[in-house]
Every structure is written in C-alpha cells, then in structure tokens.
Amino acid sequence: MTNTWPIARGTVSEREAFALATTVLLTLFAGDAVPNMVTWYGAATVWALEGVWGVSVLVRARPPLTRTPRALWLFLGWCLLSVVWSHWRPATLASMVAQVLCALVAFTIASTLTWRRVLDAASAAFRWVVGLSLVFEAVVAVVVRHPIAPIWTDYGDRDVPDAFYFSRAELLTGGRIQGLPGNANLLAMVALLAAIAVAVQFAEGRMGRNRAVAWLVVSGAALLLTRSSTVLLAAVAVAVALVVALWLRRVPSGRRVPRTLAVLAGLAVVVSAVVAARAPLLDLMGRSSDLTGRGAIWTAVAGLVEQHPVLGWGWIGYWWPDIPLLAELAPRHGVQYLQAHDAALDVWMQTGVVGLVLFLVYVLTTFGRAWAGATREAFGPGLVPRAFDPVTLFPLLVVVALLVQSLAESRLLYQGNWVLFALLAIKTRIVLVNEEPASLGDGPRTPRAKREFRATV
C-alpha cells in the first residue's frame, strides 16, 4: 500500500524516478551537445547507460501495460515488421532497438511520476538546456571569439559550411545562436517548451514570481536570439490553443457545441488565409518560397514515396549518413540533410501508407486525450465537480508545440521529441491530467524532503 499516486512504483523512490526523468529529458533535448563534447562513441555510452537505468527502474516499479496506448505499440510493431522488406536492414534493426528503448523509458517515467512531477522534471530539464546554452554562447562569443567545431572533428583551414560548427560565435554579431543543441531551431523549441512549463508551474504555485519571471525572460531571450520561424508559428499555435481551451472551459460540456463549431470555422478560415497568403507571409518572416530548402527535400522524399507507397523503404528514424541513397538525396550548400523535414512524410517514406495511418492514429488520439484533459469537466469523490487546475493545460500546449514543429522537422520520430511525446501519450492514457488524485509532494513548492515516496505500514 502507498500514500501517493501513482501506485506503480514498486521499490523505486520518487526521487529516483524524478532524477531519471530530468536526466533523460536534459541529455536528449541538449541535442548534439553530448556527441559534440564526448564524441559519438561517448554519446552512445551515455544514452545506453540511461537506457539501462530506465529499464532497471521499469523492472523494479513493475507498472502494468494495460492502460497504455495501443496505437503506439502497433506503430512500433509495424516499424519492426518493416525489417522484412527494409532496404537498410541492419540500420532498421539498430534503430528499432533505440526506438523501443526510448518508448520503454517514456513508459517508465509516465508510470512512476504524477503529472505535476512530470511538469517539474520537464521544466528543470528545459531550463538547464536553455540556461547553459546562453552561458555557452556567451563564453564562445566573449572568450573564444571564433566558431568552434565538435570535438570529434578537425577542419583545419578548410572552408566548411556553417552548419558543421557546434557554435558559430554569433551572440554579439547579430547572427542566430545555436546553443547546446547545435541548431537554432532546436534551441528555440526547447526555449518555447521551457516557457510553457515555467508558466504552468507559476500558475500552479510551484514556482515563485521572481524566479518564474526570470526564467520567462531567459526563454524569451533565447527565442529572440534564435529567430526560428517554425517555433514562432508553434508559439502562435500554442497561444491559440490556450485561448480556445480557456474559452471552452467557461461553459459546461453540454453547452459547448456552438463554441466548438465557431472554433472549427475560425480554424478553417485561418488555414485558408495562410495558404492563400503564404508567399507574402514567407517574405515577412524572411524565408524563401521553398521554406529554406525544405521544398526540394520534400520533393525528393516524395519521389521515394512513389516507388514504395504501401510498405515503404524500411524504418530507420534518423537517416544514417553512410546510406548513400539518403545522404545524397537532397544536399544543400554542401550539407547532407538527414531527415525529410516533415514527420508524417518521413514516416510515409519509411513505413508506407500503413505505417502512416498507424502513426496518425497515435498522434491524433494523443492530441484528443490531451485536449480532453484540458477541457473536460472532472469530478472528485461523491461526484463533486473539481476545479480546473493549470497543470491540465501542460500536456495540450506541449503536444500542440511538438505537432506544429513536426510539419517542418522530423524530430518527433527520435531523440527528445519522441520520448516526450511518447511520455505524454502514455501518461494521458494511464490517467487524464484532470482526473489524477492529489498526491504527496504535489502541493505548491512542497519541501524536497516531503516529496520522497513513502510506503505506509
């Protein structure tokens, strides 16, 4: 018996479960920082050790699989089955090991932490990445004062593309900073996620005003210094989702049909307007008509889809650079782009239309549960209505941000985005955020000593 939720923690302390979640999200959302600093072999070792730690917690916690999203496991099953017809079979097998291991770690975190502790862990990880990124860029710009390359490279005096550098030392020159992830767009997304998490923590009373304002300023600075159009659109979508969810909350479920229809009509109008005015909008954001080379990549990937539309070429996730067909598919300015820059298109190319359907079911059902958690009325003991808590918005806003980013990046299929989305998918299936019982350690700014999981006698 236990005196806190969730009950599927076995002999694992809440502190260890929280440390696992924070560490995994931190290292994965740090992106290329790990391989850039300790080489790819070192990074593989770090990630493997985290995987072993996650499996160890899973074995000791013994959470049930009954309330997990079938769509996730069906999609993974189809990806694994694609090894039969895969054109890069060794890569498919190796990628599936990483894919399944990441899903199991996400399952472990979702099963051993409450929603509020998931929020705390995600916030801590994102804030560390953003904060250290700004410190890193400041050191490079002020002390080093020239671009630095990953530790495993030696470019010498060669003229190499800017994308090859860990940092381009552009903090003080007006350029776009890359931070620890080594990519401006990825750092911008982490900054947006950090802002979401901090805002929800402040609304929940889990973070003081001064500290929350400071971190929101830091996250905003990172967003401005990265100047990512994709993340700007994601931020707008997050703001719209927040306003709509709060608007629908103001009326009982039985009287929401008119407002829901108004939202759908407004969404249709906005999408139509954006499509019609896409050229001037791209000019306004300083982007070319093919979205900075993405049009050429999408065309090339669509050509592969046409060759194997039903079953695909075989799962691989992140494209391996030693596979010529993928590495030479759409080079741009001397850089090999190892993704389709669209998660759905990437899935279609790799797993065919069958895999695409399973993936869309997985994504849409996750969004549906996140939406329900943010807007559905919940009831406590004795069917007493429960007030909406700010934490109920966290899954929805994060899911919206990740899905908008997936329209221009394939990150939803691997690394931090894959783990975070799987974590939310599984957690919303275990228990909707608005239906989770109150737990020891979930109160506003609970002292650390009182957050430890304790078994009752």
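Here the structure is a predicted model, which is why all the values come from computation and not from measurement.

*Asks:* It is not clear to me how the overall build of the protein should be interpreted in this structure. Could you clarify?
*Replies:* When its secondary structure is counted, the protein shows 15 helices and two strands. The burial tally for the protein puts 50% of its 457 residues in the buried class.

*Asks:* Explain the confidence of the model for the protein here, please?
*Replies:* As a note on interpretation, predicted positions should not be read in detail where pLDDT is low. Mean pLDDT over the protein stands at 86; residues scoring 70 or higher make up 87%. In this model, residues 451-457 is a region of pLDDT below 50 whose contacts with residues beyond four sequence positions or in other chains number 23 contacts.

*Asks:* I'm lost on the side chain of Ser-228 in this one. Help?
*Replies:* Along the chain, Ser-228 falls in the loop between helix 7 (209-226) and helix 8 (229-249). Residue Ser-228 is classed as buried on the basis of its relative accessible area, which comes to 6%. Beyond its immediate stretch of four places on either side in the chain, Ser-228 contacts Arg-176, Asn-185 and Ala-188.

*Asks:* I tried to follow the pattern of salt bridges on my own but got confused; where do I start?
*Replies:* Opposite charge on two side chains makes pairing possible when the charged atoms of those side chains draw close. Within the structure shown, the criterion is met by seven salt bridges. Residue Asp-389 is joined to Arg-116 by a salt bridge in which the shortest nitrogen-to-oxygen separation is 3.1 Å. Here Arg-116 lies in helix 5 (residues 115-144) and Asp-389 lies in the loop between strand 2 (385-386) and helix 14 (393-405), a separation of 273 residues in the sequence. In this structure, the salt-bridge partner of Arg-168 is Glu-170, at a minimum N-O distance of 3.4 Å.

*Asks:* Explain the packing of aromatic side chains to me, please; I cannot follow it from the model alone.
*Replies:* What describes a pair of aromatic rings is the distance from one ring centre to the other and the angle between the planes of the rings. All told, the structure shown has 13 aromatic pairs when counted by the stated rule. With centroids separated by 5.1 Å and ring planes inclined at 85 degrees, the aromatic side chains of Phe-29 and Phe-126 adopt a geometry described as edge-to-face. A residue pair is termed long-range when its members are at least 10 positions apart, and Phe-29 in helix 1 (residues 14-29) and Phe-126 in helix 5 qualify at 97 residues. As far as burial versus exposure is concerned, Phe-29 and Phe-126 are alike and both buried.

*Asks:* I tried to follow the packing of helix 13 (residues 343-375) against helix 14 on my own but got confused; where do I start?
*Replies:* The axes of two packed helices give the description: the angle between them and the distance between them. For the pair helix 13 and helix 14, the least separation of the axes is 7 Å and the interaxial angle reads 145 degrees. Here helix 13 runs over helix 14; the crossing is left-handed. On the side of helix 13, the interface is formed by Val-363, Thr-366, Phe-367, Ala-370, Trp-371 and Ala-374, while helix 14 contributes Leu-393, Pro-395, Leu-396, Val-399, Val-400 and Leu-403. Classifying every residue of the contact of helix 13 with helix 14 by side-chain character gives 11 nonpolar, one polar and no charged.

*Asks:* Which parts of the structure should I look at to understand the nonpolar core?
*Replies:* Most often, soluble globular proteins have nonpolar side chains that are buried together. Residues Leu-193, Phe-359, Tyr-362 and Phe-394 are the most contacted members of the largest nonpolar core, which totals 90 residues. Ranked by the residues each element gives to this core, the list is headed by helix 5, at 11 residues. Excluding residues within four positions of it along the chain, Phe-359 makes contact with Phe-75, Ala-343, Ala-344, Val-347, Leu-412 and Leu-413.

*Asks:* Even after reading the chapter, I still don't get the environment of Thr-11, so can you show me in this structure?
*Replies:* Looking at the secondary structure, you find Thr-11 in the segment before helix 1. Separated by 48 residues in sequence, Thr-11 and Val-59 have C-alpha atoms that sit 9.7 Å apart.

*Asks:* Is there a simple way to think about unusual backbone geometry in this case?
*Replies:* Glycine aside, residues mostly have negative phi, and peptide bonds are mostly found in the trans state. For Arg-227, which is not glycine, the phi dihedral falls at a positive 50 degrees. Tracing the backbone shows Arg-227 in the loop between helix 7 and helix 8. Take Arg-227: its relative accessible area is 44%, and that puts it in the partly exposed class.

*Asks:* Please explain helix 14 as it appears in this structure.
*Replies:* Every α-helical turn comprises 3.6 residues, leaving residues that sit three or four positions apart pointing alike. Taking 1.5 Å of rise per residue, 13 residues should cover 18 Å, and helix 14 covers 19 Å from first to last C-alpha, within 8% of that figure. Among the 13 residues of helix 14, 11 are classified as buried, and the element is accordingly described as predominantly covered. Those residues of helix 14 that sit buried are Leu-393, Phe-394, Pro-395, Leu-396, Leu-397, Val-398, Val-399, Val-400, Ala-401, Leu-402 and Gln-405. The inward-facing, buried residues of helix 14 abut helix 5, helix 6 (184-204), helix 8, helix 13 and helix 15 (415-430).

*Asks:* Can you help me understand a nonpolar patch on the surface in this one?
*Replies:* On the surface, Val-310, Leu-311, Trp-348, Val-353, Val-357 and Val-361 cluster together into a nonpolar patch covering about 450 Å² of accessible area. Since its relative accessible area comes to 37%, Leu-311 is described here as partly exposed.

*Asks:* Would you mind showing me how to read helix 11 (residues 294-307) here?
*Replies:* Taking 1.5 Å of rise per residue, the 14 residues of helix 11 would be expected to cover 20 Å, and the 20 Å separating its terminal C-alpha atoms lies within 8% of that figure. Turning to helix 11, its buried residues number three or more, namely Arg-294, Gly-295, Ile-297, Ala-300, Val-301, Leu-304 and Val-305. On its buried face, helix 11 is in contact with helix 6, helix 8, helix 12 (324-327) and helix 13.

*Asks:* Could you clarify how one ought to interpret the environment of Lys-427 in this entry?
*Replies:* You can see Lys-427 is positioned in helix 15. We classify Lys-427 as buried; its relative accessible area is 1%. Between the alpha carbons of Lys-427 and Thr-68 there is a distance of 7.9 Å; along the sequence they are 359 residues apart. In this view, Lys-427 contacts Ala-110, Leu-113, Thr-114, Trp-115 and Glu-436; residues no more than four positions away in its chain are not counted. Of the polar contacts made by the side chain of Lys-427, one reaches the backbone oxygen of Leu-113; its length is 2.6 Å.

*Asks:* Would you mind showing me how to read the side chain of Gln-415 here?
*Replies:* As for its placement among the helices and strands, Gln-415 is situated in helix 15. Here Arg-411 takes part through its side chain, which lies 2.4 Å from a polar atom of the side chain of Gln-415. Dropping the residues within four chain positions of it, Gln-415 is found in contact with Leu-28 and Trp-47.

So, how was this worked out
Residues numbered from 1 in each chain as written. Predicted model: local features only at pLDDT ≥ 70, side-chain atom pairs only at ≥ 80, totals over all residues. Heavy atoms only, no water. Helix = DSSP H or I, 4+ residues; strand = E, 2+ residues; numbered from the N terminus. Buried < 20%, exposed > 50% of the residue type's maximum accessible area, 1.4 Å probe, protein only. pLDDT = per-residue confidence, 0-100. Contact = heavy atoms within 4.5 Å. Salt bridge = Lys/Arg side-chain N within 4 Å of Asp/Glu carboxyl O. Phe/Tyr/Trp six-rings, centres within 6.5 Å; stacked < 30°, edge-to-face > 60°. Axes fitted to C-alpha atoms, helices over the stretch in contact; angles between N-to-C directions. Left-handed = near helix turned anticlockwise from the far one by under 90°. Nonpolar A, V, L, I, M, F, W, Y, C, P; charged D, E, K, R; others polar. Core = buried A, V, L, I, M, F, W, Y, C linked by side-chain atoms within 4.5 Å. Expected span 1.5 Å × (residues − 1). Patch = residues over 30% accessible without salt bridge, like charges linked within 9 Å, V, L, I, M, F, W, Y side chains within 5 Å. Areas by Shrake-Rupley, 256 points an atom, 1.4 Å probe, with all protein chains shown as cover. Polar contact = N/O pair within 3.5 Å; in protein donor to acceptor, adjacent residues only side chain to side chain.

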